[in-house]
Amino acid sequence: MKKGTKIFVSVLCVTAVAAVSAAVFAFTALNKGPFSGTVTESETGNPIADVSVTDGRNVVKTDENGKFELKGWIKSHFVTVTVPSGYVTDKYYIPIDKNTENYDFTFEKSELTAQENHCFVQISDTEIGENGTGEWLDDVKNIVKENNPAFLIHTGDICYEAGLKKHIEDMNTDTMGCSVKYVIGNHDYVKGKYGEELYESLYGPVWYSFEVGNVHYIITSFQTGSDYQSLYSKNDRWRWLENDLANVDENMKVVMFNHTKSPSDDYVLSFGRKELDLKEHNLIAWVFGHYHYNYVYESNGVLNISAPRPDCGGIDSSPGGTRVISVSADGEIKTQMYYYDLGSSSTPKDAVWATKFDSNILFCDTIFDDGYIYTATVDDDYPCNCAVYCLNSADGKVKWFFKTENSVKNNVCIEENKLVAMDTDGNVYCLDKSNGNLLWQKKLNLGNALGTSSGICIDNGVIYAGASRVVTALNLENGDEKWSVNRDKGENSPAEFIVADSKVFVNSHWDALAALNAENGSEVWDNKDENLRFRSSTPVAVDDKTLLAADDNAVMLIHTEDGKIISKTSFEEYSFSSSAKPAYRDGVAYIPTSNEGLIAFDMNSKSVLWNFKTDDSKLFTAPYKGKGSKIIESTPVIDGNTLIFGANDGCIYYVDINSGSLIKKYDAGSAVLGKIAVTDDKIYAGAFGGYLICYDK
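Residues numbered from 1 in each chain as written. Predicted model: local features only at pLDDT ≥ 70, side-chain atom pairs only at ≥ 80, totals over all residues. Heavy atoms only, no water.

Looking only at helices and strands, one finds 5 helices and 53 strands in the chain. Expected size for 697 residues packed as a compact globule is a radius of gyration near 26 Å; at 27 Å, the chain falls within 12% of this value. By its C-alpha atoms, the chain is 85 × 50 × 50 Å across when sized along the principal axes. When contacts within the chain are restricted to residue pairs at least 6 apart in sequence, long-range pairs at least 24 apart make up 60% of them. (Helix = DSSP H or I, 4+ residues; strand = E, 2+ residues; numbered from the N terminus. Rg over C-alpha atoms; globule rule 2.2 N^0.38 Å. Contact = heavy atoms within 4.5 Å.)

So, in structure tokens, the structure goes:
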């Protein structure tokens, strides 16, 4: 491969429909080669030369007569072709059988796959069962119809035996109206002679390549941590990849699909005593799933593209949806997210004013300060367009905005004349709140390239920022580092940092609630109770020595000094995996849920006083919550005897604090996911659809 070659290595796995054999392959009974055959056009019968063909290890090209011969490999299960640009077939692989003499392939011509400017659709981690895909599949079909993609790729976790058997029935070339391809995920290795056995019998080989336009796409299998033992080693996978890339035309670009992120930040794959540097082959993108995150970031010149689940909130509360990825003739990549059920959203109604931004507002609380409104936006697409905004509260006109390098998925903080925000790449921005001028900027280590969420707060002139793995304290005045602690634990979530009792409380998702010494960052305690491990929500200090935490299915009081649980009340009907804080007054906690709206919980009697149910969500954010959920991610504001909060159904509610009865509501058009700013006569809210809205109180 010459220098300057661009390769789009797409670790895509198996076309969903392979009309060839669905028999289970008995590893010990296979013919080990050699294998020979031809590749021809179906319409004319003419041979097709220079087509790559593989036995899973070796790669050869067809000659001028369309013929090939492979010497075979001890683990060969298929003879597979790299379908070149301008052609299409669902029969791109043939299972190896001791009775098969010739492995012959035919291609149909295709104008769609010949186009250098094209797009494809990515979904991931559907994790269906024997009941099938559900209503979200119709949403994906509509996206396919709208975009006319060259193919649809599912980047793994189909999931388990029942899902593997059912998914191929629901999502294939015939049902979707475009070519469908699959990647094997860690939950797609199931019990059998080896982990891939069932997958291979239904979907075909776990690694192969194909081409569209001037892009060479590559699908490879999951790296490590699969549920059942793989038949194949890392060396098997990367030796095939080396051979595949050696046969790619130097004018092709190349992209990689895998279930997980690249095993190395520099995209150098090590196997045996060899190394394969994908950047020398001009790798331009790595496309993956696995984490249930919705995140696009550039690293070492390579675009990394992750997709959430299509039907429910992700592990880090990423809104569920489907991604469309476009590739131009010169290799420029753009992405567009289609959030599941956001299509049912609308413009705000009955507003005093509503200002529309170019991107979305996620978990950022709306702040009213000295006659101005402050918020920040997210953009899950690439290139991203996101910023911190200051608006005039009287008319909604933008006074200033500051463009950030990536999304601000959590709060902005104001102290005196300074506004501080942090984006998902770890950039902390300190701005003059009066004019938006940058006072200083600092890049923090988040401990994980996938920094989809972050925590930030200010206390006594110190900024506490970062994520669950790495927490850093900065001087507000100049950004100088006071301390930084690498906990190296936990996953991302939108839960916020808070300071109380001289401690910084860090929500380490899938790990613990942790307390750090605010002065030096040393860990005072962490509590890994089964209900505190899932840190989607933010605790609240009810007094100097007590935290109120609600997450998973429990409400807890916790000593700030030692992290011991004072009391715990568990529920079967409520899930508290919401990013919002509870509101607290006079012994009663008003707690957002991720499935049943808002509850009022008496902390003394440990009883639910009332439950206010919103309408069904229009946007799915809370982990694993989808159709029928009534999610609230907006921290309730106590205003006299009224609770004011937004919900994922696109409405803002006024609820009587004593009875839980509805006083009134506004239609904000799309999910309201942050705390609402309340003044004497107005309220201000950010809606996910990109609106900052003012209503009469």
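Past the structure itself, the notes keep going.
Read from one edge to the other, the open sheet built from 4 strands follows the order β23-β24-β25-β26, with strand pairing classed as antiparallel. Bordering the open sheet on either side are β23 (367–369) and β26 (398–404), each of which pairs with just one other strand. Strand-to-strand twist in this sheet, taken as the mean axis angle between neighbours without regard to direction, amounts to 20°. Relative to strand β25 (residues 386–392), strand β24 (residues 372–376) is paired through 5 bridges, and the arrangement is antiparallel. Residue pairing for β25: Tyr372 is matched across the bridge by Asn392. (Pairing = 2+ DSSP bridges. Axes fitted to C-alpha atoms, helices over the stretch in contact; angles between N-to-C directions.)

The next point concerns the nonpolar core. One finds Leu152, Met171, Leu241 and Leu278 to be the most contacted residues of the largest nonpolar core, which totals 61 residues. Apart from residues lying up to four places away in sequence, Leu278 is in contact with Leu241, Leu245, Met256, Tyr267, Leu269, Leu283 and Trp286. Residues Phe68, Phe210, Val215 and Ile305 belong to the second largest nonpolar core, which totals 41 residues. (Core = buried A, V, L, I, M, F, W, Y, C linked by side-chain atoms within 4.5 Å. Buried < 20%, exposed > 50% of the residue type's maximum accessible area, 1.4 Å probe, protein only.)

Quantified by volume, the largest pocket comes out at close to 470 Å³. In this structure, the largest pocket is lined by 25 residues; those nearest its centre are Asp365, Asn411, Cys457, Glu496 and Lys581. For the lining of the largest pocket, the secondary-structure elements that each account for two or more residues are β27 (413–415), β31 (455–459), β35 (498–500), β39 (540–543) and β43 (583–585). With 4 residues, β31 is the largest single contributor of residues to the lining of the largest pocket. (1 Å grid on protein atoms, 1.4 Å probe; cavity = no way out; pocket = protein on both sides within 12 Å on 5 of 7 lines; lining within 4 Å. Points joined across faces, edges and corners; volume = space filled by probe spheres on them.)

The next point concerns unusual backbone geometry. The omega torsion across Tyr382 and Pro383 is -5°, close enough to zero to call that bond cis. Structurally, the position occupied by Pro383 is in the loop between β24 and β25. In this structure, Tyr267 takes a positive phi of about 60° despite not being glycine. Inspection of the secondary structure assignment puts Tyr267 in the loop between β14 (253–257) and β15 (268–271). For Tyr267, a relative accessible area of 2% puts it in the buried group.

Attention now moves to the pairing of strand β32 (residues 462–466). By the criterion of burial, β32 is predominantly enclosed, with 5 of the 5 residues buried. Here β31 pairs with β32 via 5 bridges, running antiparallel. When the sheet's bridge partners are listed, Ile458 is paired in β32 with Ile463. Two elements, β32 and strand β33 (residues 470–475), share 5 bridges in a ladder whose sense is antiparallel. Residue Ile463 lies in a different strand from β33, and its bridge partner there is Leu474. Hairpin geometry of β32 and β33 is characterised by an intervening segment of 3 residues between the two adjacent antiparallel strands.

Within this structure, the stated rule accounts for 42 aromatic pairs. Ring centres of Phe120 and Phe151 lie 4.8 Å apart, and the angle between their planes is 10°; this geometry places the pair in the stacked category. Linking Phe120 in strand β9 (residues 118–123) with Phe151 in strand β10 (residues 151–154), this pair joins segments that are 31 residues apart in sequence. On the basis of relative accessible area, Phe120 is assigned to the buried category, the value being 0%. Overall, Phe151 belongs to the buried group, its relative accessible area being 0%. (Phe/Tyr/Trp six-rings, centres within 6.5 Å; stacked < 30°, edge-to-face > 60°.)

We now examine the environment of Leu283. Assignment of secondary structure puts Leu283 in strand β17 (residues 283–288). For Leu283 and Val255, which are 28 residues apart along the polypeptide, the C-alpha to C-alpha distance reads 6.1 Å.

Turning our attention to the sheet that holds strand β47 (residues 637–639). Strand order in this open sheet of 4 strands is β47-β48-β49-β50, and the pairing throughout is antiparallel. Strand pairing shows two members of the sheet lacking a second neighbour, β47 and β50 (662–667), which therefore form its edges. Strand-to-strand twist across the sheet, computed as the mean angle between neighbouring axes with direction ignored, equals 20°. In terms of strand pairing, β47 meets strand β48 (residues 642–646) through 3 bridges, oriented antiparallel. Across the sheet, the residue bridging to Ile638 is Leu643, located in β48.

Looking now at the state of the cysteines. Here the structure, examined in full by the defined rule, presents 0 disulfides. The structure places no disulfide on Cys119, whose sulfur is separated from the nearest cysteine sulfur, that of Cys178, by 9.1 Å. Since its relative accessible area comes to 10%, Cys119 is described here as buried. Summary of cysteine pairing: Cys390 is not part of a disulfide, and the nearest cysteine sulfur, belonging to Cys364, is at 13 Å. (Disulfide = S-S within 2.5 Å.)

For the rest of this paragraph, the subject is the pairing of strand β45 (residues 598–602). Taken across its 5 residues, β45 has 5 buried, putting it largely inside the fold. Across 5 bridges, strand β44 (residues 588–592) lies against β45 in antiparallel orientation. Paired with Ile591 across the strands is Ile599, a residue of β45. In textbook terms, the turn of a hairpin is the stretch between consecutive antiparallel strands, and for β44 and β45 this stretch comprises 5 residues, one of which, Gly597, has a positive phi near 80°. Here 5 bridges tie β45 to strand β46 (residues 607–612), and the two strands are oriented antiparallel to one another. Residue pairing in the sheet places Leu598 in a bridge with Phe612 of β46.

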